[in-house]
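What follows is each chain in one-letter form.
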Amino acid sequence: MTKTMKKKELAQLLFGKHIELFRCPLCHEGFLPDTSTGIRCQEGHHFDLARNGYLNLVTTKQNSDYDRELFQARREIFEAGVYDPLVTKLSTLISDLDFGDLTILDAGCGEGSLLFRLEKVLTQATCVGIDISKEGIRLAGAHSALIMWCVADLARLPLQDNSVDVIVNMLSPANYEEFRRILQPQGHLIKVVPGPYYLQELRERLDDVGDYSNEAVMANLEENLEITSRKRLHYQVSLPIELWSQVVKMTPLTEHRVISGNPAQQLTIDLEIVCGVLAK
Ligand SMILES: C[S@@+](CC[C@H](N)C(=O)[O-])C[C@H]1O[C@@H](n2cnc3c(N)ncnc32)[C@H](O)[C@@H]1O
Ligand SMILES: [Zn+2]
């Protein structure tokens with residue numbers, strides 16, 4: 001791939017190379033290898049590759065709590081290094097799974113910052129980022145041409161059965177039935193769930209927001225996953241004053257709520273990283 005190639009041409013090459021991973025979300029047939037005029041399944045359903053290189057597999061308009069401003073704020077928070085310890089933990093965890101040339105799906109990748117960083121470290125990996133938000137995926141497409149970005153629904157993943165080695169699912173909804181279908185039998189799910197102190201400084205400044213409990217999410221996870229490791233990642237980062245407004249914008253928690261007090265000078269990141277195999 002050369003630097004002078006356009007994003008869309010790079011995406012045509014990349015999707016063409018890995019087209020056997022994908023299936024049509026409408027009829028479940030595979031896609032044809034020729035990606036020169038978009039992506040077409042064996043039944044003739046056609047999906048566009050956008051100019052900045054992402055594939056749009058959603059045919060109906062979606063309503064979302066997440067808009068461009070929120071995704072832009074998340075990107076700036078990632079760029080400020082707030083999630084760097086998480087990226088390091090996840091890349092080590094994935095390397096230690098020892099899959100070699102592996103295929104990773106970031107399910108609910110948002111604007112793509114996490115997968116962008118993982119791909120830089122796990123250079124042998126084939127990476128797919130999926131989110132239902134076009135705004136998120138549009139920003140992700142601007143990020144990296146080395147990742148296959150798709151607008152798609154977790155409930156109808158456009159991936160073949162047993163096609164993925166690792167699913168990363170950070171602060172996003174899960175669809176265990178679909179995850180089970182697309183993971184190969186030894187494949188692993190890594191779910192990142194907020195802990196009780198996640199964004200504590202923000203929660204304290206919101207009127208009607210109490211302590212967060214991840215018990216329901218964890219109980220559901222435990223029902224579905226044979227857990228092989230569960231780690232808590234709890235740290236504080238200091239926050240330059242100009243980043244506070246991005247913290248406020250990066251979560252739907254603050255929508256329609258009054259924020260009181262001064263900007264916080266530090267931010268707590270409290271996450272549980274749960275890894276395991278989904279019983280077939
Ligand atoms: C809190 S954001 C997390 C985004 C990203 N993982 C991150 O940590 O920056 C939750 C994401 O889940 C996505 N999402 C929600 N429902 C979805 C669905 N049914 N299919 C795909 N993505 C979905 C949203 O669009 C949003 O980008
Ligand atoms: Zn089709």
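Computed from a predicted model, the values in this text were never measured in an experiment.

Conventions we followed
Residues numbered from 1 in each chain as written. Chains lettered and ligands numbered in written order. Predicted model: local features only at pLDDT ≥ 70, side-chain atom pairs only at ≥ 80, totals over all residues. Helix = DSSP H or I, 4+ residues; strand = E, 2+ residues; numbered from the N terminus. Rg over C-alpha atoms; globule rule 2.2 N^0.38 Å. Buried ≥ 20, exposed ≤ 12 C-beta atoms within 10 Å, placed from the backbone. Contact = placed C-beta atoms within 7 Å. Near = placed C-beta within 6 Å. Nonpolar A, V, L, I, M, F, W, Y, C, P; charged D, E, K, R; others polar. Core = buried A, V, L, I, M, F, W, Y, C linked by C-beta atoms within 7 Å. Pairing = 2+ DSSP bridges. Axes fitted to C-alpha atoms, helices over the stretch in contact; angles between N-to-C directions.

(A) Broad picture of the overall build of the protein. Across its full length, the protein holds nine helices and ten strands. Its C-alpha radius of gyration of 19 Å places the protein within 12% of the 19 Å reference for a compact globule of 280 residues. Expressed as lengths along the three principal axes of its C-alpha atoms, the size of the protein is roughly 55 × 40 × 35 Å. Residues classed as buried in the protein amount to 39% of the 280 residues present. Residue pairs in contact within the protein that sit at least 24 positions apart in sequence constitute 66% of those at least 6 positions apart.

(B) A look at the site of ligand 1. Around ligand 1 sit 18 residues, and of these Gly-108, Gly-110, Ile-132, Leu-154 and Ser-172 come closest. For the shell around ligand 1, the residue count by class is nine nonpolar, six polar and three charged.

(C) Representation of helix H5 (residues 134-143) in the model. Among the ten residues that make up H5, seven are buried, leaving the element largely enclosed by the rest of the structure. Listing the buried residues of H5 in full gives Gly-136, Ile-137, Arg-138, Leu-139, Ala-140, Gly-141 and His-143. Those residues of H5 that are buried lie in contact with helix H1 (7-17), helix H2 (68-79), helix H4 (113-121), strand S5 (126-131) and strand S6 (148-151).

(D) Region of the structure containing H1. Ala-11, Gln-12, Leu-14 and Phe-15 are the residues of H1 that are buried. On its buried face, H1 is in contact with strand S1 (39-40), strand S3 (55-56) and S6.

(E) Up close: the nonpolar core. Residues Cys-150 and Ile-167 are the most contacted members of the largest nonpolar core, which totals 74 residues. With six residues, strand S10 (residues 266-278) is the largest single contributor of residues to this core. Discounting residues that sit within four places of it in the chain, Cys-150 has contacts with Tyr-54, Leu-55, Leu-57, Val-128, Ile-130, Ile-137 and Pro-158.

(F) Quick look at the sheet that holds S6. The eight strands lie next to each other as S3-S6-S5-S4-S7-S8-S10-S9, forming an open sheet whose pairing is mixed. Each edge of the open sheet is held by one strand with a lone partner, namely S3 and strand S9 (225-238). Packing of H5 onto the sheet brings it into contact with S3, S5 and S6, and relative to S6 it is tilted by some 165°. Contacting strand S8 (183-194), S9 and S10, helix H8 (residues 215-224) runs over the sheet at an angle of about 150° to S9.

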